[in-house]
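Next come the chains, spelled out residue by residue.
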Amino acid sequence: SNTCNNNSGPSVRPSCGCAAGKLGKSNGISWRGDSGLQDGNDTVFKKRGLVGGYYDAGDNTKFNFPMAYAMTMLSWSCIEYSHKYRSIGEYTHLTDLIKWGTDYLLLNFNSSAATVDHIYAQVGGSRNASQTPDDHYCWERPEDMDYPRPAIAVSAGPDLAGEMAAALAAASIVFRDSNAAYSRRLVRGAETLFRFARDQGRRRSYCRGNPFIEPYYNSTGYYDEYMWGATWLYYATGNNTYLSLATNRGLPKNSRAFLGIPDLSVPSWDNKLPAAMLLLTRFRIFLSPGYPYEDMLRMYHNVTALNMCSYLPQFAVFNWTKGTSSTSTCHLSLISTSTREVN
């Protein structure tokens, strides 16, 4: 029976991005326990389920689109600053967090197949103004959930698949030396997801018309995920096919990357353009690949420089409040600074 009491409120709300699944002895938060152990029992993968991953901010839904972006950014920070994490004794903790997320992402499609016809987009959720027990109507600890948590599959979604591919590809670099077999598995999964993303018959947003997704994590396009996913896959595999796609003139044209739109200069789970162009700028600076990539890489470099300048208060592109900046923007600014130091 459902014991949700929406009026009384919870004694403790789940923390932002808290871990789902069977936490085990390494769980460092004493008041958190196992949760969501039945997730995915309604899927074709019911034998293994969709247990694990991370809940969204303040509720018990597992949204794969922003979750995958978080894993990509964590992996990037690990790649860039592994020595810093090691110096403060947090490197193993960080890689455990990444693996917890990528283990879950691998469950959401047939990662042993070369091609797939659907992937899972989320577990749980709610309709706006819901009056039935679900992840938004019931503010309660994930350990106490006793309402239905359906898994939502999509047969199209280049945005979702592109971001999941980026997450697995970036993480494969993190684990390349310490766990080669797992790294290879991540690469295979990333390539499978990217084939799904590039399938001509599946090029519509993963959230379109879905009342459980669109009001919450609506995707406004997928060409930025093409650039982002292709770039990470190039870094992970060295396959020039991915670099050719990332520097294809159609991607910045269709994603409006060169139009100087302020909102598109800020990285987020829905906008990977500035992050992808910074990754490609670093590639140009450190490796200088030349023809046939140089013209587009130079344009990405120019836009990246303008993006970074736009973050500075003296240019008045944004209205900043003191002490306010997104984590993603801070990360890009730091990366850009280290890039300029070697230029």
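Note that the structure is a prediction, hence the values are computed from the model and not measured.

What follows is about the overall build of the protein chain. Secondary structure assignment for the protein chain yields 10 helices and 3 strands. Along the protein chain, from the amino end to the carboxyl end, the secondary structure elements read β-α-α-β-β-α-α-α-α-α-α-α-α. Here the C-alpha radius of gyration of the protein chain, 20 Å, is about what a compact globule of 343 residues would show, namely 20 Å. For the protein chain, the spread of C-alpha atoms along the three principal axes comes to 65 × 50 × 40 Å. Buried residues in the protein chain amount to 52% of all 343 residues. Sequence separation of 24 or more characterises 74% of the internal contacts of the protein chain that already satisfy a separation of 6 or more.

Here helix α3 (residues 158–174) is 17 residues long and its end C-alpha atoms lie 24 Å apart, about the 24 Å a rise of 1.5 Å per residue gives. Burial of α3 is extensive: 17 of the 17 residues sit out of reach of the surface.

Quick look at the nonpolar core now. Formed by 87 residues in total, the largest nonpolar core has its most connected members in Trp76, Ile119, Phe194, Trp228 and Trp232. In this structure, Cys18, Tyr55, Cys138 and Met145 belong to the second largest nonpolar core, which totals 6 residues.

We now examine the sheet that holds strand β2 (residues 119–123). Two strands in a sheet stick together by hydrogen bonds in their backbones, pointing the same way (parallel) or opposite ways (antiparallel). If you walk across this open sheet you meet the 3 strands as β1-β2-β3, and the pairing is antiparallel. Strand pairing shows two members of the sheet lacking a second neighbour, β1 (62–63) and β3 (151–154), which therefore form its edges. Here β1 pairs with β2 via 2 bridges, running antiparallel. Considered in β2, the bridge of Lys62 is made with Val123.

A few words on a nonpolar patch on the surface. There is a patch of nonpolar side chains on the surface, built from Leu312, Phe315 and Val317 and spanning about 250 Å² of accessible area. With respect to the element layout, Val317 can be found in the loop between α9 (294–310) and α10 (327–342). Look at Val317 and you get partly exposed, because its relative accessible area is 38%.

So, on to the pattern of salt bridges. For the coordinates displayed, the defined rule picks out 14 salt bridges. The partner of Lys99 in a salt bridge is Asp103, with the nearest N and O atoms 3.0 Å apart. Remark: Asp103 and Lys99 occur in helix α2 (residues 91–107); sequence separation between them is 4 residues, near one turn of the helix. The partly exposed category is assigned to Lys99, whose relative accessible area is 27%. Among the residues examined, Asp103 registers a relative accessible area of 29% and is labelled partly exposed. In this structure, Asp295 engages Arg298 in a salt bridge whose closest nitrogen and oxygen atoms are separated by 3.4 Å.

The end-to-end C-alpha separation of α9 is 24 Å, in line with the 24 Å expected for 17 residues at 1.5 Å each. Among the residues of α9, Met296, Leu297, Tyr300, His301, Val303, Thr304, Asn307, Met308 and Ser310 are the ones counted as buried.

Residue position: Leu297 is located in helix α9. When the C-alpha atoms of Leu297 and Ser205 are compared, they prove to be 27 Å apart, with 92 residues separating the residues in sequence. Not counting chain neighbours up to four residues away, the residues in contact with Leu297 comprise Thr247, Leu280, Phe283, Arg284 and Pro289.

What follows is about the pairing of β2. Summarising burial for β2: 5 of the 5 residues are buried, a large majority. In this sheet, β3 lies alongside β2 in antiparallel orientation, the contact comprising 4 bridges. Across the sheet, residue Val123 finds its bridge partner in β3, namely Ala151.

Here we come to the packing of aromatic side chains. Applying the stated criterion across every chain yields a total of 19 aromatic pairs. The interplanar angle of 50° and the centroid separation of 6.0 Å between the aromatic rings of Trp232 and Tyr235 together place this pair among those described as tilted. Taken as a pair, Trp232 and Tyr235 lie in helix α5 (residues 223–237) at a separation of 3 residues, close to a single helical turn. Classification of Trp232 as buried rests on a relative accessible area of 2%. Classification of Tyr235 by relative accessible area gives partly exposed; the value is 30%. A network of ring pairs unites the aromatic residues Phe63, Phe65, Tyr206, Tyr216, Tyr217 and Trp269 as a single cluster. In this structure, Arg48 packs its charged tip against the face of Phe45, placed 3.9 Å from the ring centre.

Here is what the cut-offs are and how they apply
- Residues numbered from 1 in each chain as written.
- Predicted model: local features only at pLDDT ≥ 70, side-chain atom pairs only at ≥ 80, totals over all residues.
- Heavy atoms only, no water.
- Helix = DSSP H or I, 4+ residues; strand = E, 2+ residues; numbered from the N terminus.
- Rg over C-alpha atoms; globule rule 2.2 N^0.38 Å.
- Buried < 20%, exposed > 50% of the residue type's maximum accessible area, 1.4 Å probe, protein only.
- Contact = heavy atoms within 4.5 Å.
- Expected span 1.5 Å × (residues − 1).
- Core = buried A, V, L, I, M, F, W, Y, C linked by side-chain atoms within 4.5 Å.
- Pairing = 2+ DSSP bridges.
- Patch = residues over 30% accessible without salt bridge, like charges linked within 9 Å, V, L, I, M, F, W, Y side chains within 5 Å.
- Areas by Shrake-Rupley, 256 points an atom, 1.4 Å probe, with all protein chains shown as cover.
- Salt bridge = Lys/Arg side-chain N within 4 Å of Asp/Glu carboxyl O.
- Phe/Tyr/Trp six-rings, centres within 6.5 Å; stacked < 30°, edge-to-face > 60°.
- Lys NZ or Arg CZ within 6 Å of the ring centre and 35° of its normal.

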